[in-house]
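What follows is the residue order along each chain.
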Amino acid sequence: MDSIEKYDEKEENENNEIIAYTLSIYDILENIISYLNVKSLRQAAAVCRLWRETAQTELATRNEIQCLLLPLYIASYRCALNCEGDEDQSDPSDKRLEYDLDTGWDIIDVVRSIPKVFLLFHEAQTTVNVPYHYKYTKMLPESATFATFGLMMLSMDSTEIFGLSNLATGISIPSTNSLNNEVFMVDDFSLTESTAEKLVDDAMAALKISSTDKGHSCFLIFQNRENDGTLDYLQERNKAYISELLRSLKKRCEPGSYSILGSGCLCMDVFTPVSSENDLNFSFVLRLYGPAVKSWSVVLSLYLPDSIVEEQLRAFKKGVNANFHTIAIAAFPVDKRQAFECTRQNRLNADIYLHRTDVFKKVFPNVPLICLYDDQTFTQIGCNTLNDVHDSSMEHKDSVIYLVMSTT
């Protein structure tokens, strides 16, 4: 009996040592993870299950909204495509691929560890097919949303994305106790079966907007301009819904309690773990709210001279509380014909459009800026947050909308 008791005691001591050693590993890992920035946390989440769970626990406490410049295709994923018999649609001779990979971002890791919402903007002239995106969405965490938007032109800070096959920008948005986000989408079936008023009611419910809500909100609205000539009826219904949505927001929200930026895109795909490949989305609305987020928007005429733009932006800056976690988005109207001439062979027009952001970067030198370029024949959506009264209209022609977001 003594030998059995000694053996049991020895085994228990060994088990306790293993448990203590394991717990010490957890403590060490948690300590290391706590020092990583959001980019490194996402990369750490790809190591193994333990690292992913630890990284995601840490991410759940971070409120940072991140602007990213990242490759659409990476070497490992292109290899996987070839192994599965799919056509590799990127150009292996494109030297930009090496530059893209040097950024250190891996879109697979980004998608795998999305806290809640990831917005991916790519240049619509590049070939980005739906099955390609669905390979990524298999990795989406529960309740996450991965939305992709193809634009006429696109830039981030001084990096232009015109006709590049492997470069995109992204905005990563977490969900924490102090930073909430809600999404509402309208597809072809909804537009066919519902009135604009019914869609607005559904949007208000999904976005959790009530007439008694006095908190701050930031709205991003994207409209799918895709039309092969057969979608005119649905496009008109979507336009009526957006106009009604904006009127309802003005009724429910106090002046200065919200910011808004709306732009168009040439194609739109929104993916969730349960989304269908056949969904045709016409509009996408994202609401950010909670004590950790504050945002401001301003509407400027496209034809103002640089000196006046700088003057108005500096006045705008006085009401903005920027910090290390501040990002900015701009909606620019451009001539459609000129935009499609901005290829790698013809960069002149691209440089002209990039110059328009120089004034903003002069006033906000440390704020990352993503510029979304839309056909100037359409309206841009925005409001002047610092005004004491509502704008007469939030739909504007030939105007540049700047939206600045900060998190704490």
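What counts and how
- Residues numbered from 1 in each chain as written.
- Predicted model: local features only at pLDDT ≥ 70, side-chain atom pairs only at ≥ 80, totals over all residues.
- Heavy atoms only, no water.
- Helix = DSSP H or I, 4+ residues; strand = E, 2+ residues; numbered from the N terminus.
- Buried < 20%, exposed > 50% of the residue type's maximum accessible area, 1.4 Å probe, protein only.
- Contact = heavy atoms within 4.5 Å.
- Expected span 1.5 Å × (residues − 1).
- Phe/Tyr/Trp six-rings, centres within 6.5 Å; stacked < 30°, edge-to-face > 60°.
- Lys NZ or Arg CZ within 6 Å of the ring centre and 35° of its normal.
- Pairing = 2+ DSSP bridges.
- pLDDT = per-residue confidence, 0-100.
- Axes fitted to C-alpha atoms, helices over the stretch in contact; angles between N-to-C directions.
- Polar contact = N/O pair within 3.5 Å; in protein donor to acceptor, adjacent residues only side chain to side chain.
- Core = buried A, V, L, I, M, F, W, Y, C linked by side-chain atoms within 4.5 Å.
- Arc of directions from axis to C-beta.

## Focus: the overall build of the chain
Phase 1 of the analysis: Helix and strand counts for the chain come out as 14 helices and 17 strands.
Phase 2 of the analysis: Within the chain, the fraction of its 408 residues that count as buried is 51%.
Phase 3 of the analysis: Within the chain, contacts between residues separated by at least 24 positions form 84% of all contacts whose residues are at least 6 apart in sequence.

## Focus: helix α10 (residues 232–252)
An α-helix turns once per 3.6 residues; consequently, residues spaced three or four apart project the same way.
Phase 1 of the analysis: Compared with the 30 Å implied by 1.5 Å per residue over 21 residues, the 30 Å span of α10 between its first and last C-alpha is a close match.
Phase 2 of the analysis: Three or more residues of α10 are buried, namely Leu234, Gln235, Asn238, Tyr241, Ile242, Ser243, Glu244, Leu245, Leu246, Ser248 and Leu249.

## A look at the side chain of Arg225
Phase 1 of the analysis: Among the structural elements, Arg225 can be located in the loop between β8 (217–224) and α10.
Phase 2 of the analysis: Ignoring any residue separated from it by four or fewer positions in sequence, one finds Arg225 in contact with Gln235, Ser263, Gly264, Cys265, Asp374, Phe378 and Thr379.

## Here's the deal with the packing of aromatic side chains
Phase 1 of the analysis: Applying the stated criterion across every chain, the model contains 14 aromatic pairs.
Phase 2 of the analysis: Their ring planes at 10° and their centres at 4.7 Å tell us that Phe360 and Tyr402 sit as a pair that is stacked. Here Tyr402 lies in strand β17 (residues 399–407) and Phe360 lies in helix α14 (residues 358–363), a separation of 42 residues in the sequence. For the residue pair Phe360 and Tyr402, the accessibility class agrees, reading buried in each case.
Phase 3 of the analysis: Site record: aromatic cluster; members linked through ring pairs are Phe316, Phe332, Phe360, Phe364, Tyr373 and Tyr402.
Phase 4 of the analysis: For the cation-ring pair, Arg225 lies above Phe378, with the distance from its terminal atom to the ring centre recorded as 4.1 Å.
Phase 5 of the analysis: Taking NZ or CZ as reference, Arg287 lies 3.8 Å from the ring centre of Tyr289, over its face.

## Regarding the pairing of strand β3 (residues 145–151)
Phase 1 of the analysis: Summarising burial for β3: seven of the seven residues are buried, a large majority.
Phase 2 of the analysis: Residues of β3 alternate between two faces, with Thr145, Ala147, Phe149 and Leu151 on one and Phe146, Thr148 and Gly150 on the opposite face, all of them buried.
Phase 3 of the analysis: Relative to strand β10 (residues 267–271), β3 runs antiparallel, the two being bridged by five bridges. Paired with Phe146 across the two strands is Phe271, which belongs to β10.

## Looking at unusual backbone geometry
Phase 1 of the analysis: Non-glycine residue Lys208 carries a positive phi angle of around 60°.
Phase 2 of the analysis: Following the sequence through the fold, Lys208 ends up in the loop between α9 (196–206) and β8.
Phase 3 of the analysis: Of note, Asp398 is a non-glycine position whose phi angle comes to about 50°, a positive value.
Phase 4 of the analysis: As for its placement among the helices and strands, Asp398 is situated in the loop between β16 (395–396) and β17.

## Observations regarding the confidence of the model for the chain
Phase 1 of the analysis: Residue-level pLDDT values for the chain average 77, and 69% of them are 70 or greater.
Phase 2 of the analysis: Low pLDDT, under 50, characterises residues 74–105; the predicted model gives this stretch 50 contacts beyond four residues in sequence or across chains.
Phase 3 of the analysis: Note on residues 127–132: pLDDT is under 50 here. Beyond four places in sequence and across chains, it has 12 contacts.

## What to know about the sheet that holds strand β11 (residues 281–289)
Phase 1 of the analysis: With respect to topology, six strands assemble into an open sheet ordered β7-β11-β8-β9-β15-β16, the strand pairing being mixed. For this open sheet the edge positions go to β7 (180–187) and β16, each flanked by a neighbour on one side alone.
Phase 2 of the analysis: Two elements, strand β15 (residues 380–382) and β16, share two bridges in a ladder whose sense is antiparallel. When the sheet's bridge partners are listed, Ile381 is paired in β16 with Glu395.
Phase 3 of the analysis: Sheet strands in contact with α10 are β7, β8, β9 (258–265), β11, β15 and β16, and its direction is about 20° off that of β11.

## Considerations on the environment of Asp374
Phase 1 of the analysis: Here Asp374 lies in strand β14 (residues 369–375).
Phase 2 of the analysis: Along the primary structure Asp374 and Leu151 are separated by 223 residues, whereas in three dimensions their C-alpha atoms are 7.0 Å apart.
Phase 3 of the analysis: Beyond its immediate stretch of four places on either side in the chain, Asp374 contacts Met152, Arg225, Ser263, Gly264, Phe332, Pro333, Val334 and Thr379.
Phase 4 of the analysis: Here the side chain of Asp374 touches Arg225 through a polar contact of 2.7 Å, side chain to side chain.

## Observations regarding the nonpolar core
Phase 1 of the analysis: Leu119, Phe121, Phe149, Ile171, Phe222 and Phe284 are the most contacted members of the largest nonpolar core, which has 36 residues in total.
Phase 2 of the analysis: Beyond its immediate sequence surroundings of up to four residues, Leu119 is in contact with Ala147, Phe149, Thr169, Gly170, Ile171, Ile173, Leu220, Phe222, Phe284 and Leu286.
Phase 3 of the analysis: By size, the runner-up hydrophobic cluster in this structure holds 27 residues, among which are Phe219, Leu231, Ile242 and Cys253.

## As for the environment of Ala55
Phase 1 of the analysis: The topology assignment puts Ala55 in helix α3 (residues 49–59).
Phase 2 of the analysis: Separated by 10 residues in sequence, Ala55 and Ala45 place their C-alpha atoms 5.6 Å apart.
Phase 3 of the analysis: When residues no more than four places from it in sequence are discounted, the contact partners of Ala55 are Ile33, Leu41 and Ala45.

## Thoughts on helix α11 (residues 306–317)
Phase 1 of the analysis: In a regular helix each residue adds 1.5 Å, so 12 residues correspond to 16 Å; α11 covers 16 Å between its end C-alpha atoms and thus fits that length.
Phase 2 of the analysis: For α11, the complete set of buried residues consists of Val309, Leu313 and Phe316. Down the axis of α11, the buried set is contained in an arc of 55°. They therefore lie on one face. Away from its buried face by more than 90 degrees, α11 exposes Ser307 and Glu311.
Phase 3 of the analysis: Structurally, α11 contributes buried residues whose contacts are with β12 (293–301), α14 and β17.

## Focus: the environment of Tyr233
Phase 1 of the analysis: With respect to the helices and strands, Tyr233 occurs in helix α10.
Phase 2 of the analysis: Residues Tyr233 and Thr192, 41 residues apart in the sequence, show an inter-C-alpha distance of 9.1 Å.

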